[in-house]
Amino acid sequence: MKYSNALFLNPYFSGSATSAMKFFPPTGLEYVATSAKDCVDTVTLLDLRYETDLADPDKLLDFISKEIDIVCVGIGWDRQLQEIYDFLNRLPADIPLVAGGYTATEKVEELFQNCHTLDIVVRGEGEETIREVLQGAPLESIAGISYRANGTVHHNKNRPLPDLESVTAPDRSLRHNKYRLSVYGVDIGNFSFDTVLSARGCPYHCKFCTFSLNPLGQKRTYSARNPLSVVDEIAALEANVILFSDENFSVNPERSEEICDLIIARKIKKRFAAQVRLDIAQYPLLLEKMVKAGFKALLIGIESPHDWILRQLNKGFDSAAVRKSFAVLREYSIFYHGYFIYGNIGETEKEMLSIPDFAREIGVDSITCLKLRVEKFSPLKKIAQETPGYHVTDKGELYSDAYSHAALKKIGRKIKLSFYTPKKFMKIFAKFREIKFFSVKEIILTFSALPFVYKNFIIREIKKRRFFDYVKSLFARAHK
Ligand code: B12
Ligand code: SF4
């Protein structure tokens, strides 16, 4: 073997924005680490969000210098980049450093510029590529990498997308930690999490969406695994809550039904969540089976209450379809989380602020509102660049002369605060009971954790000097 001990590192130090979502494993990194297993003597997988000792950069460096002979780092989120570069730049020069992941692929040049210790970036899906790197194939022959040689960065041609059937599911025994539900640093109930990827890609063409485009700008042709292999993977999992991390779980309703049928037939008792498209409302049989199989939450991109925006985003449905679909969806005991986008090209503040009322009207249980992003290969880029007064930063953030970043951020908070009132939190809790998400023991555990969650929330708001705004918004709503 060319390398003895390869480290696969999720480099997001805890205490950051990403740690709020730390209950999900780094799926992509785990796929690559699993694929690498027979190319080295030992694979060490570390998720720094969960490490205690090794989360200290000095101790981690010491461990790497003594134990590791190649470092493979997964940079999948556009967060904490400077902190990550600072750490990677301290790695010993004689240990090869490989990076991969969504952000590493999108920002290849930036990575090489900022990280002088970096040798190779694996662009796009990395399962096959990492094997060639670890087996010591000549770098110039490895499709899908960019590499530094004699002070110059070389970009090899892209690697064709792999057939999903040939990809092995993540080996969970490589993990050093369990993934648990924690909100504002407080563990809730007794929930352990895992993700299962049953398909990659999405056949739709929503214009803002980079879920269906990979960071090389390629459309990831929809490609799904055999339902049997998916359910075999699920059956072997320890976690009691599973997120299907597919871009869109409802692309092929018959196949989704088959997965539910197998879960039911094999009496697998777990709780599931999945990202789906609104048109799932057209498949009552699938919805029925999902409830039976243990699907508790669906995450649905609604994006906007306004038809002209839905058209601009090429969403493929209008607000009437949203209302009609939710009238059906509400009949099923499922928790619905809606994604909305605000700060669209030409959108006024009044239009943005109508999101909470619309969300309440259709009966969505919780929402996430994200500012429109116009990423590197987004089809919206041209429209944004051609619209007078609009600007896109090189980070993909869109702002305008009328609405600066700060103004948009403020609007985002107003939307959030107007939707998430204490009454809403009570309703959310009631919905969790209705869908039987909790056992009695979990209810007790969750209730006892809530005061600590609220305390940490208030401390955070005070630290960020935003607590007064929060109290003001509570009063404003109470008097509405
Ligand atoms: C499922 C999903 C989620 C799940 C969580 C999944 C998880 N396990 O963490 C949920 C719904 C919770 C989620 C939340 C968020 N997400 Co998300 N999510 C996705 C989605 C749809 C799929 C990710 C996935 O599992 N892909 C499958 C794996 C196999 O692919 P992969 O990660 O790219 O890995 C492959 C390669 O990149 C490479 N690779 C990866 N790591 C490494 C490491 C090495 C060493 C090598 C060699 C190769 C390599 O090989 C892998 C296997 O082929 C992607 C979109 C997408 N299509 O990628 C967005 C995406 C990753 N999410 C995104 C965002 C912004 C978020 C949020 C911040 C949104 C928000 N504001 O709340 C949160 C934050 C989550 C956090 N961790 O902090 C962005 C990230 C953009 C960026 N660069 O920052 C993406 C790309 C979507 C987008 N374009 O907007 N997300
Ligand atoms: S349906 Fe969802 S995943 Fe598919 S392109 Fe549209 S927003 Fe993206």
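What you see is a predicted model; the values in this text were computed from it and never measured.

Topic: the overall build of the protein chain
Then, number 1: Within the protein chain one finds 18 helices and 18 strands.
Then, number 2: Here the C-alpha atoms of the protein chain give a radius of gyration of 23 Å, agreeing with the 23 Å that 2.2 N^0.38 yields for 480 residues.
Then, number 3: C-alpha atoms of the protein chain, sized along the principal axes, occupy 65 × 60 × 40 Å.
Then, number 4: Counting only contacts in the protein chain whose residues sit at least 6 apart along the sequence, the fraction spanning at least 24 positions is 73%.

Topic: the site of ligand 2
Then, number 1: Close to ligand 2 lie Cys202, Tyr204, Cys206, Cys209, Phe211, Ser212, Glu247, Asn248, Arg277 and Gly301.
Then, number 2: Its residues assigned to classes, the shell around ligand 2 comprises five nonpolar, three polar and two charged.

Remarks on the domain arrangement of the protein chain
Then, number 1: Domain boundaries assigned for the protein chain yield domain 1 (5-164) and domain 2 (178-472).
Then, number 2: Relative to domain 2, the C-alpha centre of domain 1 lies at a distance of 28 Å.
Then, number 3: Taken together, the 13 residues of domain 1 in the interface contact 20 residues of domain 2.
Then, number 4: Looking at the side of domain 1 that touches domain 2 element by element, the count peaks at three residues for helix 4 (residues 102-106).
Then, number 5: Its residues placed into classes, the side of domain 1 that touches domain 2 shows six nonpolar, four polar and three charged.

Some words on the site of ligand 1
Then, number 1: Around ligand 1 there are 33 residues in total, and Gly28, Asp78, Gly100, Glu125 and Gly126 lie nearest to it.
Then, number 2: Counting only elements with at least two residues in the shell around ligand 1, the list comes to helix 1 (27-35), strand 3 (70-74), strand 4 (97-100), helix 4, helix 6 (127-134) and strand 16 (366-371).
Then, number 3: For the shell around ligand 1, the element with the most residues is helix 1, which contributes five residues.
Then, number 4: Residue composition of the shell around ligand 1, by class: 16 nonpolar, 13 polar and four charged.

Let's talk about helix 3 (residues 81-88)
Then, number 1: Buried within helix 3 we find Ile84, Tyr85, Phe87 and Leu88. Taken end-on, helix 3 shows its buried residues confined to a sector of 165°, consistent with a single buried face.
Then, number 2: Where the residues of helix 3 are buried, they touch helix 2 (57-67), strand 3, strand 4 and helix 5 (108-114).

What about the sheet that holds strand 7 (residues 152-155)?
Then, number 1: Ordered by their spatial adjacency, seven strands build an open sheet running 2-1-3-4-5-6-7, and the pairing between neighbours is mixed. Each edge of the open sheet is held by one strand with a lone partner, namely strand 2 (42-47) and strand 7. The average angle at which neighbouring strand axes cross in this sheet is 20°, direction not considered.
Then, number 2: Note: strand 5 (residues 120-122) against strand 6 (residues 145-149), three bridges, orientation antiparallel.

A look at unusual backbone geometry
Then, number 1: A positive phi angle, close to 50°, is found at Asn150, a residue other than glycine.
Then, number 2: Looking at where Asn150 falls in the secondary structure, it is placed in the loop between strand 6 and strand 7.
Then, number 3: Within the chain, Glu303 stands out as a residue other than glycine whose phi angle is a positive 75°.
Then, number 4: Within the element layout of this structure, Glu303 appears in strand 14 (residues 295-303).
Then, number 5: Residue class for Glu303 comes out buried when judged on the 26 C-beta atoms lying within 10 Å of it.

A word on the packing of helix 13 (residues 355-362) against helix 15 (residues 405-419)
Then, number 1: With their axes 8 Å apart at the nearest point, helix 13 and helix 15 run at an angle of 35° to one another. The handedness of the crossing between helix 13 and helix 15 is right-handed. On helix 15, the residues touching Ile355, Pro356 and Ala359 of helix 13 are Ile415, Ser418 and Phe419.
Then, number 2: Classifying every residue of the contact of helix 13 with helix 15 gives five nonpolar, one polar and no charged.

Some remarks on the environment of Gly28
Then, number 1: Along the chain, Gly28 falls in helix 1.
Then, number 2: Overall, the presence of 20 C-beta atoms within 10 Å leaves Gly28 in the buried class.
Then, number 3: Counting along the chain gives 169 residues from Gly28 to Leu197, while the straight-line C-alpha distance between them is 9.8 Å.
Then, number 4: Dropping the residues within four chain positions of it, Gly28 is found in contact with Gly74, Gly76 and Gly101.

Things to note about the nonpolar core
Then, number 1: One finds Ala274 and Tyr342 to be the most contacted residues of the largest nonpolar core, which totals 65 residues.
Then, number 2: Tallying contributions element by element places strand 14 first for this core, with five residues.
Then, number 3: Leave out the neighbours within four places in its chain, and Tyr342 touches Glu347, Met352, Ile355, Cys369, Lys371, Ile411, Gly412 and Ile415.

Details of helix 13
Then, number 1: Taken residue by residue, helix 13 has Ile355, Pro356, Ala359 and Ile362 as its buried positions. Along the axis of helix 13, the buried positions cluster into a sector of 135°, meaning they face one direction only.
Then, number 2: Where the residues of helix 13 are buried, they touch helix 11 (319-329), strand 15 (335-342), helix 12 (349-352), strand 16 and helix 15.
Then, number 3: One or two residues past the end of helix 13 sits Gly363, with phi positive at roughly 90°.

A word on the sheet that holds strand 15
Then, number 1: Taken in spatial order, the seven strands line up as 8-9-12-13-14-15-16 in an open sheet, and their pairing is mixed. The strands lining the two open edges of the sheet, one partner per strand, are strand 8 (179-183) and strand 16. Neighbour to neighbour, the strand axes of the sheet diverge by 25° on average, direction disregarded.
Then, number 2: Across the sheet, helix 17 (residues 440-463) touches strand 8 and strand 9 (186-196), and the angle it forms with strand 9 is around 105°.

What counts, and at which threshold
- As a convention, each chain's residues are numbered from 1 in the sequence order in which they are written.
- The order in which chains are written sets their letters, starting at A; the order in which ligands are written sets their numbers, starting at 1.
- Local features are withheld for residues below a pLDDT of 70 in this predicted model, meaning they are given only at 70 or higher, and side-chain atom pairs are given and counted only at 80 or more; totals for whole chains, interfaces and linings count all residues.
- Note on conventions: DSSP H or I runs of at least 4 residues are helices, E runs of at least 2 residues are strands, and numbering of each starts at the N terminus.
- What the globule rule says is 2.2 Å times the number of residues to the power 0.38, and the radius of gyration is computed from C-alpha atoms.
- Note that contacts rest on C-beta atoms placed from the backbone: two residues are in contact if these are within 7 Å.
- Residues are classed as near a molecule or strand if the C-beta position derived from their backbone is within 6 Å of it.
- Classification convention: Asp, Glu, Lys, Arg as charged; Ala, Val, Leu, Ile, Met, Phe, Trp, Tyr, Cys, Pro as nonpolar; all other residues, Gly among them, as polar.
- What counts as a domain boundary in this text is fixed by an automatic or database domain assignment.
- Counts of 20 or more other C-beta atoms within 10 Å of a residue's own C-beta define buried residues, counts of 12 or fewer define exposed ones, and intermediate counts define partly exposed ones; C-beta atoms are placed from the backbone.
- This arc describes the spread of directions from the helix axis toward the C-beta atoms.
- Here, strands pair whenever DSSP counts at least two bridges between them.
- To get an axis, a line is fitted to the C-alpha atoms, and for a helix only the part in contact is used. The angle between two axes follows their N-to-C directions and goes from 0 to 180 degrees.
- Crossing chirality is assigned from the near helix's rotation relative to the far helix, an anticlockwise turn below a right angle marking it left-handed and a clockwise turn marking it right-handed.
- Buried Ala, Val, Leu, Ile, Met, Phe, Trp, Tyr and Cys residues form a nonpolar core when they are connected through C-beta atoms within 7 Å.

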